[in-house]
Amino acid sequence: MAPASFDEGNSLFDFVVRDGNGVKGLVDLGVTKVPDRYIQPPQERIIHEGHVEEHYSAIDLSKLDGPDHDQVVEAIARAAETLGFFQVVNHGVPLELLESLKEAAHLFFSQPPEKKAVYLKGVSLTPLVKYGTSFVPEKEKALEWKDYISMIYTNDSDALHFWPNECKEVALEYLKKSTNMVRRIVELLMENLGVTMEEDRVDGLIGAKMVNMNFYPACPNPELTVGVGRHSDMGMLTVLLQDGIGGLYVKTEGDAAGEEEEWIQIPPISGALVINIGDTLQMLSNGRYKSAEHRVRTTSTESRVSIPIFTSPRPTEKISPLPELVERDGLARYREFAFADYMTNFFGKAHQGKKSLDFATTN
């Protein structure tokens with residue numbers, strides 16, 4: 001039986017993290033206010049709804065290779081160079097599959113805690129599946145209001161054997177249907193830089209793939225918490241399915257003209273997928289493309305889900321700015337490293353905006 005209240009010691013942490021009850025377990029207890037362990041410092045809270053990108057329109061990928069091809073590539077490149085986020089429609093992933101994914105996510109997280117806890121780190125029978133909460137709770141001063149299931153892809157057979165029954169088939173189909181889109185976008189962004197990349201090299205850069213299902217339970221005090229703290233993604237590209245509730249915010253960078261940084265909301269667009277640039281692509285492009293600093297707000301009205309696909313280099317892949325760009329720019333803004341080392345650094349700390357890039361930045 002779960003405790004009805006928690007002392008100031010480790011009982012809440014044990015209940016949520018170690019025992020696998022997650023944030024949903026707290027909500028199911030009927031908590032009427034956010035526990036102290038989840039209260040973010042004032043500077044990290046998302047108090048206001050923030051500016052919504054009103055003139056935002058999704059990029060139609062079906063127009064590639066047609067009369068409007070160049071305009072589509074320009075729109076993708078412009079977004080990659082500025083905000084680091086864009087949305088796409090006619091992406092090749094069936095709309096009914098997207099709806100099935102959201103249903104499967106809700107189904108998985110609606111299970112009793114003991115059904116989900118079999119995938120806890122240190123308990124899970126497979127390293128391909130991990131169930132958890134927050135980001136790195138052992139290192140966080142304030143926990144994030146989120147539960148998740150991560151499914152690493154090695155091959156179809158392993159996915160169907162080890163991934164959770166509640167979501168494995170739709171998650172695998174989502175990944176497979178998105179792979180060609182990811183490859184095409186990477187190739188277009190390379191071409192925009194004037195770089196021709198061998199197929200084997202592209203394979204290495206997007207060779208590690210993982211599907212996450214994130215669950216953000218309704219929160220009694222969303223103004224005090226975050227669903228996900230400020231961070232950028234470590235890989236090449238992230239593909240994200242939002243539900244209709246929203247809550248994703250992206251930070252714009254200030255410029256020399258005096259335009260200030262601000263957080264804007266990425267509105268859900270029916271049938272669209274969100275694409276964001278990761279740290280690896282920023283470093284390969286020698287800073288031309290921008291990995292996006294983003295965060296997620298909670299809501300008091302209803303629980304929401306999001307389903308990202310993370311595409312990253314294989315751990316042994318060597319990462320550094322592309323030689324053509326170093327020659328053109330006259331300097332390398334990042335040093336060379338094995339991607340496994342970047343992963344260790346990334347997952348060894350709580351979310352801190354884009355500070356993970358400091359690992360590779362040259363002074």
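Coordinates for the structure precede this section.
Residues numbered from 1 in each chain as written. Predicted model: local features only at pLDDT ≥ 70, side-chain atom pairs only at ≥ 80, totals over all residues. Heavy atoms only, no water.

**A look at the nonpolar core**
Proteins that are soluble and globular tend to have nonpolar side chains buried together.
Next up, step 1: Tyr174 and Met213 are the most contacted members of the largest nonpolar core, which totals 77 residues.
Next up, step 2: The element that contributes the greatest number of residues to this core is helix α7 (residues 168-192), accounting for eleven residues.
Next up, step 3: Ignoring anything within four residues of it in the chain, the contact list for methionine 213 reads Leu101, Ala104, Ala105, Phe109, Asp147, Tyr148, Ile149, Met151, Cys167, Ala171, Ser306 and Ile307. (Core = buried A, V, L, I, M, F, W, Y, C linked by side-chain atoms within 4.5 Å. Buried < 20%, exposed > 50% of the residue type's maximum accessible area, 1.4 Å probe, protein only. Helix = DSSP H or I, 4+ residues; strand = E, 2+ residues; numbered from the N terminus. Contact = heavy atoms within 4.5 Å.)

**Remarks on the sheet that holds strand β4 (residues 129-133)**
The pairing of strands in a sheet happens through backbone hydrogen bonds and is either parallel or antiparallel.
Next up, step 1: Ordered by their spatial adjacency, eight strands build an open sheet running β2-β3-β11-β8-β13-β6-β5-β4, and the pairing between neighbours is mixed. With partners counted over all chains shown, the strands left at the sheet margins are β2 (59-60) and β4, one partner each.
Next up, step 2: Alignment of β2 against strand β3 (residues 85-89), held across two bridges, turns out to be parallel. Counted as the bridge partner of aspartate 60 is valine 89 from β3. (Pairing = 2+ DSSP bridges.)

**Observations concerning the pattern of salt bridges**
A side chain of one charge can pair with a side chain of the opposite charge when the charged atoms of the two come close.
Next up, step 1: What the rule picks out here adds up to 16 salt bridges.
Next up, step 2: A salt bridge links arginine 18 to aspartate 14; its shortest N-O distance comes to 2.4 Å. With a gap of four residues between them, arginine 18 and aspartate 14 both fall in helix α1 (residues 11-18), about one helical turn apart.
Next up, step 3: Residue aspartate 14 is classed as partly exposed on the basis of its relative accessible area, which comes to 26%.
Next up, step 4: Of the charged contacts in the structure, one is a salt bridge between lysine 251 and glutamate 293, with a shortest N-O distance of 3.9 Å. Of the two residues, lysine 251 is situated in strand β9 (residues 248-252) and glutamate 293 in the loop between α9 (279-284) and β12 (294-296); the sequence distance between them amounts to 42 residues. (Salt bridge = Lys/Arg side-chain N within 4 Å of Asp/Glu carboxyl O.)

From the geometry alone we can't say anything about function, so treat these as descriptive.
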